[in-house]
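Breakdown of the fold
So the chains spell out like this:
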Amino acid sequence: MQKALPHWMTYDAEVDGAAASIRCDLALFDREARPQGTNTLFVVGATLHSPSASGLSTPSEEAAIERARAALTEDLATFEVAIAGSVISRGSWQTFFYGSDSPEEDLIPTAQRPLRAEGWSDWIQAESDPEWTRYSTFLLPSTAERIRSVNERATQSLSTLGLDLSE
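So, here's what we can say about the structure. (Residues numbered from 1 in each chain as written. Predicted model: local features only at pLDDT ≥ 70, side-chain atom pairs only at ≥ 80, totals over all residues. Heavy atoms only, no water.)

Of regular secondary structure, the protein possesses four helices and six strands. Mapped in sequence order, the helices and strands of the protein form the string β-β-β-α-β-β-α-β-α-α. For the protein, the C-alpha radius of gyration of 17 Å lies close to 15 Å, the compact-globule estimate for 167 residues. If one aligns the C-alpha atoms of the protein with their principal axes, the spans along those axes are about 55 × 45 × 30 Å. Considering only intrachain contacts with a sequence separation of at least 6, the fraction spanning at least 24 residues in the protein is 70%. About 9,400 Å² of surface is accessible on the protein, with carbon and sulfur atoms providing 51% of the total. (Helix = DSSP H or I, 4+ residues; strand = E, 2+ residues; numbered from the N terminus. Rg over C-alpha atoms; globule rule 2.2 N^0.38 Å. Contact = heavy atoms within 4.5 Å. Areas by Shrake-Rupley, 256 points an atom, 1.4 Å probe, with all protein chains shown as cover.)

The structure is reproduced here in structure tokens:
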């Protein structure tokens, strides 16, 4: 089976009463797009150096998050994992990915490396989640938000083709 192309959606939310920015790969909504045997949820997190007053990232720290996100995606590509999304809230950035119950020995140090490269204090946890419950109940936006995202993506694609969408 060919790996599905990611369809990233970022949206604002509230998590436990605090402002949050959530980024989710909507392609993983399709169960067939999920790698086989990815029953364990891994959460790698970092404490931001200088979060905003609301606990979100500042523009300067957002650049560091983007560098770490790109490195993490590249570094984890050699493992059989699916990066499901990330959350910025309460002065921390967390990335959620699913892997096997028996991860390769160097998975955790590989996941922590991009965060440490940015000088963040990092941590990682793992928990069994064979039904991807955290993905569907925490990361995944509401149905209305998903439809809006798909509509925007389709409209943008049609506009790129030069079609007049004024009507």
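The next point concerns the pattern of salt bridges. One pass over the structure, following the stated rule, counts six salt bridges. Residues Arg69 and Glu66 are paired through a salt bridge, measuring 2.5 Å at the closest nitrogen-oxygen approach. Of this pair, Arg69 and Glu66 both sit in helix H1 (residues 59-76), three residues apart, roughly one helical turn. Taking the relative accessible area as the measure of exposure, Arg69 reaches 11% and is therefore buried. What makes Glu66 partly exposed here is its relative accessible area of 38%. A salt bridge links Glu118 to Arg67; its shortest N-O distance comes to 2.9 Å. (Salt bridge = Lys/Arg side-chain N within 4 Å of Asp/Glu carboxyl O. Buried < 20%, exposed > 50% of the residue type's maximum accessible area, 1.4 Å probe, protein only.)

Checked against the element boundaries, Glu61 lands in helix H1. No salt bridge forms around the buried Glu61; measuring N to O, its nearest opposite-charge neighbour Arg67 is 8.2 Å away. A distance of 2.9 Å separates the side chain of Glu61 from the backbone nitrogen of Ser50, its partner in a polar contact. (Lys, Arg positive; Asp, Glu negative; His and termini not counted. Polar contact = N/O pair within 3.5 Å; in protein donor to acceptor, adjacent residues only side chain to side chain.)

On to the layout of surface pockets. In this structure, the largest pocket spans a volume of roughly 380 Å³. Around the largest pocket, the lining is made up of 22 residues, and of these Pro6, Trp8, Asp25, Thr73 and Ile83 lie nearest the centre. The leading source of residues in the lining of the largest pocket is H1, at five residues. The residue inventory of the lining of the largest pocket, partitioned by class, reads 14 nonpolar, four polar and four charged. Its volume calculated, the second largest pocket comes out at about 190 Å³. Lining of the second largest pocket is provided by Arg31, Glu32, Arg34, Pro35, Gln36, Gly37, Thr38, Asn39, Pro130, Glu131 and Trp132. In terms of residue class, the lining of the second largest pocket is made up of three nonpolar, four polar and four charged. (1 Å grid on protein atoms, 1.4 Å probe; cavity = no way out; pocket = protein on both sides within 12 Å on 5 of 7 lines; lining within 4 Å. Points joined across faces, edges and corners; volume = space filled by probe spheres on them. Nonpolar A, V, L, I, M, F, W, Y, C, P; charged D, E, K, R; others polar.)

Time to look at the sheet that holds strand S4 (residues 82-89). As summarised here, the arrangement of the six strands in space is S1-S2-S4-S5-S3-S6, forming an open sheet in which the pairing is antiparallel. Each edge of the open sheet is held by one strand with a lone partner, namely strand S1 (8-15) and strand S6 (121-128). Between one strand axis and the next, the sheet turns through 20° on average, direction left out of account. Pairing between S1 and strand S2 (residues 18-25): eight bridges, direction antiparallel. When the bridges of S2 are listed, Ala13 appears paired with Ala20. Strand contacts of H1: S2, strand S3 (40-47), S4 and strand S5 (92-99), with the helix running at about 160° to S4, the strand carrying the most contacts. (Pairing = 2+ DSSP bridges. Axes fitted to C-alpha atoms, helices over the stretch in contact; angles between N-to-C directions.)

Structurally, Arg34 can be placed in the loop between S2 and S3. For Arg34 and Asp122, which are 88 residues apart along the polypeptide, the C-alpha to C-alpha distance reads 26 Å. Reaching out from Arg34, the side chain makes a polar contact with the backbone oxygen of Leu28 at a distance of 2.8 Å.

Functional significance is not addressed by these values, which are geometric in nature.
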